[in-house]
Structures are given as structure tokens and as C-alpha cells.
Amino acid sequence: MPIKLIVGLGNPGPEYDDTRHNAGFWLLDELAHKWQARWQDDKKFFGHSARSVQPEGEIRLLKPQTYMNRSGQSVQALAAFYKIKPQEILVIHDELDLEPGRIKFKLGGGNGGHNGLKDIQARLGTPDFYRLRLGIGHPGERSEVINYVLKKPRAEDRELISQAITKSIDTLPAILAGDIAAAQRVLHGK
């Protein structure tokens, strides 16, 4: 089933722009630039949306502006409007359990405590959507997680995350063509 919606997770507002939790927004901004897609503030979808026509067809881009823990409100609104099935959605998000620079790509699975994923699963009624997980590393202490994700990464970590974003965008044609195994070979490699 082709991807028709690519969602990047993050928090709205300039105070969050450079924080680890906004890695999904970072990727979508680069992708929109590469595809020359224009963002618009879309109140009915509670987010910023754009569209692009690729060889595989029309693809919607979405950055929910609801804050992370209500991301599903935005995803569900756009998906329902355009009749996009959960299996046609790719969600890009930060991942504590992966070192900066590491990437994992899969269909379905748990939410790993990620509030954005938790809300999307609840709103869509299923965990069966694609996820592209961008590693941001872990602070080591569970009690430090909230503080950690809402802070800027160190310069060397940001560089590794930027390299992972470039690699992810370069692999998107394989994902969009449905060649999941090829995409995973590239993305999961060092």
C-alpha cells in the first residue's frame, strides 16, 4: 500500500524549534524544501500541511500544531478528510532508545512511551502505520527524559541527527515505491 501521508512530530512555537523532540519537524522541513512543497497553516487539520506530487502520486505532508501529546487529533483529521488509511501513513519521530544518527523504520508496533505515537494510535484505532524513528539518545535517567527531549542536542549530536535526516530523505523513494526491505537495509545500516 503506498504512502499518502508523511507526518513529522514536534511541538509548535519557536521555543521548541531546536529541541530533540522536534526531529520529526526537522525532517519534514527539509523534505518540503527538497520537494518545493509550500507549508500552509491548516486550521481544519490542526497543523501545517503541504502537498507534493511524486512519481507514486500525491503525497500530503503534515506537522501537527497541537503539541506532541495531541498529535493524533491532527493526523486523524487529515487522514479522515482525504480518506487515507493508517497503512498509508508514515510518522517520523524522535526516538530515545536509539543513539543519535541511528534510524529504524517499521510498520506497526508499540509506542515506547512516546506520547505523540500514543495519541496517534488512540485516534486511528490501530498501531498499524509506518514509523521512521530518528535516534536522539537517552539521558540515562528516566526522571530526566522530559527535560532531555525539550532541550537542544549537543552540536555533535545535532550533526549526527542531520546526517540521519539526509539518509532518510535519500531513502524515501524506496519507501514510496513500496520496497520496504531495501529501505530497511539502507536505514538500519551504520
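Just so it is clear, the structure is predicted and the values come from calculations on it, not from any experiment.

*Asks:* Kindly report on the packing of aromatic side chains, identifying the contributing residues and their values.
*Replies:* The tally for this structure, following the rule as stated, stands at 5 aromatic pairs. Ring centres 6.2 Å apart and planes at 80° place the aromatic pair Y16 and Y67 in the edge-to-face group. Taken together, the positions of Y16 in the loop between β1 (5-8) and α1 (23-35) and Y67 in the loop between β4 (57-64) and α2 (71-81) put the pair 51 residues apart, joining distant regions of the chain. An angle of 65° between the planes, with centres 5.4 Å apart, marks the rings of F45 and F81 as edge-to-face. Within this pair, whereas F45 is found in the loop between β2 (40-42) and β3 (47-54), its partner F81 is found in helix α2, the two being separated by 36 residues in sequence. For F81, a relative accessible area of 48% puts it in the partly exposed group. Taking the ring centre of F129 as reference, the NZ or CZ of R131 above it sits at 4.4 Å.

*Asks:* Got a sec to walk through the pairing of β3? Specific residues and values, please.
*Replies:* With 3 bridges joining them, β2 and β3 adopt antiparallel strand pairing. Paired with D42 across the bridge in β3 is G47. Once β2 ends, the chain turns through 4 residues before running back antiparallel as β3, passing F46 with a positive phi of about 55°. The sheet contact formed by β3 and β4 spans 8 bridges and is antiparallel. Within β4, the residue paired with A50 across the bridge is L61.

*Asks:* Outline the UniProt feature "active site" (unreviewed entry) in the protein chain, supporting the account with residue identities and numerical values.
*Replies:* In the numbering adopted here, UniProt assigns the feature "active site" (unreviewed entry) to H21. Summarising the element assignment, H21 is placed in the loop between β1 and α1. Residues contacting H21, with those up to four places away along its chain left out, are L9, G10, N11, M68, D94, H114, V149 and L150.

*Asks:* So what's going on with the environment of N22? Which residues, and what values?
*Replies:* Position of N22 among the secondary structure elements: in the loop between β1 and α1. Through-space distance from the C-alpha of N22 to that of K167 is 17 Å; in sequence the pair is 145 residues apart. Those residues within four positions of N22 in sequence are excluded, and the remaining contacts are L9, G10, N11, Y16 and D17.

*Asks:* Can you tell me about α2, naming the residues and giving the values?
*Replies:* In terms of burial, α2 is largely enclosed, as 8 of its 11 residues are buried. Remark: K83 follows α2 within two positions and exhibits a positive phi of approximately 55°.

*Asks:* Could you give an account of the packing of α1 against helix α5 (residues 155-176), naming the residues involved and the relevant values?
*Replies:* Two elements in contact, α1 and α5, have axes separated by 10 Å at closest approach and are oriented at 55°. With respect to α5, the element α1 is oriented oblique. Here α1 and α5 pass one another in a crossing that is right-handed. Here α1 contributes A23, W26, L27, E30, L31, K34 and W35 to the contact with α5, which in turn contributes R158, I161, I165, T166, S168, I169, D170, L172 and L176. Here the residues of the contact of α1 with α5 are counted per class, giving 10 nonpolar, 2 polar and 4 charged.

*Asks:* Give a description of the side chain of E88 that names residues and reports values.
*Replies:* Locating E88 in the fold gives a position in the loop between α2 and β5 (89-95). Relative accessible area serves as the criterion here: at 3%, E88 is assigned to the buried category. Other than its neighbours up to four places away in sequence, E88 contacts M1, P2, I3, K4, L5 and K83.

*Asks:* I'd like to hear about the UniProt feature "site: Discriminates between blocked and unblocked aminoacyl-tRNA" (unreviewed entry) in the protein chain, residue by residue, with values.
*Replies:* With numbering aligned to this structure, UniProt lists the feature "site: Discriminates between blocked and unblocked aminoacyl-tRNA" (unreviewed entry) at N11. Relative to the helices and strands, N11 resides in the loop between β1 and α1. By relative accessible area, N11 is classed as buried at 6%. Not counting chain neighbours up to four residues away, the residues in contact with N11 comprise Y16, H21, N22, F25, Y67, M68 and L150.

What counts, and at which threshold
Residues numbered from 1 in each chain as written. Predicted model: local features only at pLDDT ≥ 70, side-chain atom pairs only at ≥ 80, totals over all residues. Heavy atoms only, no water. Phe/Tyr/Trp six-rings, centres within 6.5 Å; stacked < 30°, edge-to-face > 60°. Helix = DSSP H or I, 4+ residues; strand = E, 2+ residues; numbered from the N terminus. Buried < 20%, exposed > 50% of the residue type's maximum accessible area, 1.4 Å probe, protein only. Lys NZ or Arg CZ within 6 Å of the ring centre and 35° of its normal. Pairing = 2+ DSSP bridges. UniProt positions renumbered as here; feature names shortened; annotations may be inferred. Contact = heavy atoms within 4.5 Å. Axes fitted to C-alpha atoms, helices over the stretch in contact; angles between N-to-C directions. Parallel < 35°, antiparallel > 145°, perpendicular 65-115°, else oblique. Left-handed = near helix turned anticlockwise from the far one by under 90°. Nonpolar A, V, L, I, M, F, W, Y, C, P; charged D, E, K, R; others polar.

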